[in-house]
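Chains, contacts and geometry: an overview
The lines below spell out each chain.
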Amino acid sequence: MILIGRSSWGPPRQWKLWSLPRTALAYVLAIDVIAVTITTLAVRSTVSGPNSGVRHSEWVAFVVLAVASTLHLECARGIERRRELAANTSPHTNLKCLWIFAALLLLPLSLVIPLVVLAYAYSWFRVYGRTVAHRKVFSTATYILASAAAAAVLRAGGLLTEPRVPTSLWSLVIVIAAAGVWWLVNYALVIGAILLASPEATAREALGELSDQLVVCAGLGLGVAIAAVQSSYPWVVPVLMVTVMALHRDLLLPQYQRAAGTDSKTGLATSSYWASAVPAELARADTLRSTVGLLMLDLDKFKEINDTYGHPAGDEALRAVGEAIRAEVRHGDLVARVGGDELAVLLPGASETEVLEIAERIRARLVSLTVSVGTTSGGTAAISGVPASFGAAIYPHVANTMDQLVLAADDALLTAKRSGRNQIVAALPNPPAVTDHVDHLEQSERSDSDHHIND
């Protein structure tokens, strides 16, 4: 199992796993070892057991579930990323259990485990973006242990061979009991890890919200339905899969997007949402022993655009700038409009080198950006280049709090503008003085007043 960050293929001693408290480290490694042991025993049982080998129908069911799970994760990756960021020191719930429990009813454990590994490996690369890999390995291990416990309940209840979908009242009771055990084992293992890794977290925070656990229960119930349909009417599975994805993406994601707040002119996050997201991300970084990068950027020629072409043209330029920035950041990074022509980029897990690389990509793209805008006379004009000045800061290297982080990035931005604009300045480890920030805020307010931006 890989125990390093997505982009950090460094020496083992540098893995963030080792920064966990000793009790948490021992707990995580013990669960991982148990999961590997269960995997070995399951494979051995399939190869050398009384009914050795995997049937053709089981391989077909495995492929169907693997494809469905991957498509589901891809279509819902935006909301899953938001849910994980919101979880912080509480359990992160998701609907992977839907496909895993369906597999548990249709397949031997030796095929359920590869499906779990595939789902989390895909999530690591496509859904959650840059994060601490040992958390995903641990989540994979908890799913394996939960699946093994649920499989034991199914066998104890007399459902010995696959498919084990409920066909009578007794079998329904056994399947429900297996689903309950699956949920309880996974939930308890995750809570144990949270409490050990974050001693400051309260039991209430570790338990999370009841509504989140209802999502898991709903996923397990849908897993039973998918297993029943797959075993009897496999051609209906695509219809049910589309229904699940539509409900997950088109109902829940807009709900989160509305709650997040989107700037109507740029499509970026609003300043209010950004202000609430930063402390949550910093708290999550503390839990993960990770970093958070912050870029503050101010457009250098925005007043000129407004004065020359009018405020609607300025809005069009802002929208194009927002799209250009989003094209250069990573999946999971947050881009927000925090002022008239001042934007911010929050980069979870980024090092100083990575933050500066992303800033340079954005800077170069904005310099070469061409925007077609309408003019006050009714015609169109092409704006060639919308350069910006950047201030970069890294938590916790240059700041210990959100205010210090913002002050450091703001001070670096002010230095960039004073030094000739269209450049990137990284904040020094020492936090800037409060008076400098106040002066910069006053200057920004005067600048915004001069710009007469139509908010």
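Residues numbered from 1 in each chain as written. Predicted model: local features only at pLDDT ≥ 70, side-chain atom pairs only at ≥ 80, totals over all residues. Heavy atoms only, no water.

As a further point, take the pairing of strand E2 (residues 334-337). Residues Leu 334 and Ala 336 of E2 are buried on one face, and the alternating residues Val 335 and Arg 337, pointing to the opposite face, are buried as well. Here E2 runs beside strand E3 (residues 342-348); their pairing, made up of 4 bridges, is antiparallel. Bridged to Val 335 within E3 is Val 345. A loop of 4 residues connects E2 with E3, the two strands running antiparallel in sequence. (Buried < 20%, exposed > 50% of the residue type's maximum accessible area, 1.4 Å probe, protein only. Helix = DSSP H or I, 4+ residues; strand = E, 2+ residues; numbered from the N terminus. Pairing = 2+ DSSP bridges.)

What follows concerns the nonpolar core. Leu 65, Phe 101, Leu 104, Leu 107 and Trp 182 are the most contacted members of the largest nonpolar core, which totals 59 residues. Broken down by secondary-structure element, the contributors of at least two residues to this core are helix H1 (22-48), helix H2 (56-75), helix H4 (96-106), helix H5 (109-127), helix H6 (133-156), helix H7 (169-197) and helix H9 (210-232). With residues up to four places along the chain from it excluded, the contact list for Leu 65 reads Trp 99, Ala 102, Ala 103, Leu 106, Leu 107, Leu 115 and Ile 226. The next biggest cluster of nonpolar side chains, apart from the first, holds 34 residues, and it includes Leu 343, Val 355, Ile 383 and Val 386. (Core = buried A, V, L, I, M, F, W, Y, C linked by side-chain atoms within 4.5 Å. Contact = heavy atoms within 4.5 Å.)

The omega angle of the peptide bond from Tyr 395 to Pro 396 is 5 degrees, so this bond is cis rather than trans. Structurally, Pro 396 is set in the loop between strand E6 (388-395) and helix H15 (402-418). One non-glycine residue, Arg 421, lies in positive phi territory at about 70 degrees. One non-glycine residue, Asn 422, lies in positive phi territory at about 50 degrees. Within the secondary structure, Asn 422 sits in the loop between H15 and strand E7 (424-426). With a relative accessible area of 29%, Asn 422 lands in the partly exposed category.

For the rest of this paragraph, the subject is a nonpolar patch on the surface. Taken together, the side chains of Leu 169, Trp 170, Leu 172, Val 173 and Ile 176 present a nonpolar region at the surface, about 540 Å² in accessible area. For Leu 172, the location among the structural elements is in helix H7. In this structure Leu 172 comes out as partly exposed when scored by relative accessible area, which is 36%. (Patch = residues over 30% accessible without salt bridge, like charges linked within 9 Å, V, L, I, M, F, W, Y side chains within 5 Å. Areas by Shrake-Rupley, 256 points an atom, 1.4 Å probe, with all protein chains shown as cover. Salt bridge = Lys/Arg side-chain N within 4 Å of Asp/Glu carboxyl O.)

What follows deals with the packing of aromatic side chains. Within this structure, the stated rule accounts for 5 aromatic pairs. With 6.0 Å between their ring centres and 45 degrees between their planes, Tyr 27 and Phe 138 make a pair best called tilted. Of this pair, Tyr 27 sits in helix H1 while Phe 138 sits in helix H6, placing them 111 residues apart in sequence. As far as burial versus exposure is concerned, Tyr 27 and Phe 138 are alike and both buried. Put simply, the rings of Tyr 120, Tyr 143 and Trp 182 pair up and form one aromatic cluster. Above the face of the Tyr 120 ring, Lys 96 is positioned so that its terminal group lies 4.5 Å from the ring centre. (Phe/Tyr/Trp six-rings, centres within 6.5 Å; stacked < 30°, edge-to-face > 60°. Lys NZ or Arg CZ within 6 Å of the ring centre and 35° of its normal.)

You can see Asn 186 is positioned in helix H7. At a separation of 2.9 Å, a polar atom in the side chain of Asn 186 contacts the side chain of Thr 142. Once residues within four sequence positions are removed from consideration, Asn 186 is found in contact with Thr 142, Tyr 143 and Ala 146. (Polar contact = N/O pair within 3.5 Å; in protein donor to acceptor, adjacent residues only side chain to side chain.)

On to the sheet that holds E3, then. The strand order across the open sheet formed by 5 strands is E2-E3-E1-E6-E7, and the pairing between neighbours is mixed. At either margin of the open sheet sits one strand with a lone partner, and together these are E2 and E7. Pairs of neighbouring strands in the sheet enclose a mean axial angle of 20 degrees, with direction left out of account. Sitting on the sheet, helix H11 (residues 271-288) is in contact with strand E1 (292-299), E2, E3 and E6, with an inclination near 25 degrees to E3. Running at roughly 165 degrees to E6, helix H14 (residues 352-367) makes contact with E1, E3, E6 and E7 of the sheet. (Axes fitted to C-alpha atoms, helices over the stretch in contact; angles between N-to-C directions.)

We now examine the UniProt feature "transmembrane region" (unreviewed entry) in the chain. Within the UniProt annotation, "transmembrane region" (unreviewed entry) is assigned to residues 24-47, 99-125, 137-157, 169-198 and 210-229. End C-alpha to end C-alpha, residues 137-157 measures 30 Å, and it is 95% helix and 0% strand. What you have in residues 169-198 is 97% helix and 0% strand, and the ends, taken at the C-alpha atoms, are 43 Å apart. (UniProt positions renumbered as here; feature names shortened; annotations may be inferred.)

Under the criterion given, the structure shown has 10 salt bridges. One salt bridge connects Arg 421 with Asp 300, and the closest N-O pair in it is separated by 3.9 Å. A residue pair is termed long-range when its members are at least 10 positions apart, and Arg 421 in the loop between H15 and E7 and Asp 300 in the loop between E1 and helix H12 (302-309) qualify at 121 residues. Looking at Asp 300, the relative accessible area reads 18%, which means it is buried.

Because an α-helix completes one turn every 3.6 residues, residues spaced three or four positions apart along the sequence face the same direction. Compared with an ideal rise of 1.5 Å per residue, which puts 18 residues at 26 Å, helix H13 (residues 311-328) spans 26 Å between its outermost C-alpha atoms and is within 8% of the ideal. For H13, the set of buried residues is Ala 313, Gly 314, Asp 315, Ala 317, Leu 318, Ala 320, Val 321, Gly 322, Ala 324, Ile 325 and Glu 328. Taken together, the buried residues of H13 touch E1, H12, E2, E3, H14 and strand E4 (370-374). (Expected span 1.5 Å × (residues − 1).)

Of all the 8 residues making up E1, 8 are buried; the element is thus mostly covered by neighbouring parts of the structure. Here E1 shows two buried faces, one formed by Val 292, Leu 294, Met 296 and Asp 298 and the other by Gly 293, Leu 295, Leu 297 and Leu 299. Of the pairings in the sheet, the one linking E1 to E6 comprises 8 bridges and is antiparallel in character. What sits directly across from Leu 294, in E6, is Ala 393.

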